[in-house]
Amino acid sequence: ELTLIGCEQDRTRGVQDSFSVVRGVSWQDFNIIVVPSLDVLSEKSDQEYATMVNKLFTSMYEKGCSFSLEAHIIFGSNYGGIIAANEWCKIWPDSRKQVVVTCS
């Protein structure tokens, strides 16, 4: 999904390879980290969703996921983004001032 968005952005701007999806644990080189909607089907209660997101972020933390404390972390998906951002800040509290949630 993100790769398609990146291709569309390149086409719109008339550029190539301006967006990439990275899977790994070291995000030190990035100034912006985008966390898209993690609640795609919205079938879980808010509490179940928060638990699932917390487990995901805890797993990332335990695997050594790292990023610059100056990086901006952007969450999408309105209320789901607020829940995810809250769980993120429980795992990485020092990044709290860098977290942004987009809303429509």
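For the structure given in this document, a descriptive report is provided here. Nothing here was measured: the structure is a model prediction, and the numbers come from that model. The residue numbers shown here count from 1 along each chain, following its written sequence. At least 70 in pLDDT is required for a residue's local features to be given in this predicted model, at least 80 for side-chain atom pairs to be given and counted, and no such filter applies to totals for whole chains, interfaces and linings, which use all residues. For the side-chain quantities, the full set of heavy atoms in the structure was used; hydrogens and water were omitted.

### Considering the sheet that holds strand β4 (residues 72–75)
Here is step 1 of the chain: Whether two strands pair comes down to DSSP finding at least two bridges between them. Going along the chain from the N terminus, every DSSP run of H or I of four or more residues is numbered as a helix, and every run of E of two or more is numbered as a strand. What the three strands build is an open sheet, ordered β2-β4-β5; its pairing is parallel. Bordering the open sheet on either side are β2 (32–35) and β5 (99–101), each of which pairs with just one other strand. Sheet twist, expressed as the average angle between the axes of neighbouring strands with direction ignored, equals 20°.
Here is step 2 of the chain: As judged from the four bridges shared by β2 and β4, these two strands associate in the parallel manner. Counted as the bridge partner of Val34 is Ile74 from β4.
Here is step 3 of the chain: Contacts: residue pairs with any heavy atoms within 4.5 Å of one another. Only the contacting stretch of a helix is used when fitting its axis, a line to C-alpha atoms as for every element, and angles between N-to-C directions run 0 to 180 degrees. Running at roughly 165° to β5, helix α3 (residues 78–91) makes contact with β2, β4 and β5 of the sheet.

### Considering the nonpolar core
Here is step 1 of the chain: The nonpolar core is taken to be a set of buried Ala, Val, Leu, Ile, Met, Phe, Trp, Tyr and Cys residues, with the residues joined through side-chain atoms within 4.5 Å. Exposure classes here rest on a 1.4 Å probe applied to the protein chains alone. A residue is buried below 20% of its type maximum, exposed above 50%, and partly exposed in between. Phe57, Ile73, Phe75, Trp88 and Trp92 are the most contacted members of the largest nonpolar core, which totals 21 residues.
Here is step 2 of the chain: Put simply, the parts of the chain that give this core at least two residues each are β2, α2 (46–62), β4 and α3.
Here is step 3 of the chain: If you tally residues by element for this core, the top one is α3, at six residues.

### Thoughts on the pattern of salt bridges
Here is step 1 of the chain: Here, a salt bridge means any Lys or Arg side-chain nitrogen found within 4 Å of an Asp or Glu carboxyl oxygen. All chains considered together, the criterion is met by two salt bridges.
Here is step 2 of the chain: Close ionic contact of Glu8 with Arg11 constitutes a salt bridge, the shortest N to O distance being 2.5 Å. One end of the pair is Glu8 and the other is Arg11, both in helix α1 (residues 2–13) and three residues apart, which spans about a single turn.
Here is step 3 of the chain: Under the relative-accessibility criterion, Glu8 is labelled partly exposed at 35%.
Here is step 4 of the chain: In this structure, Glu87 engages Lys90 in a salt bridge whose closest nitrogen and oxygen atoms are separated by 3.1 Å. Residue Glu87 and its partner Lys90 are both found in helix α3; the two are separated by three residues, about one turn of the helix.
Here is step 5 of the chain: Take Lys90: its relative accessible area is 52%, and that puts it in the exposed class.

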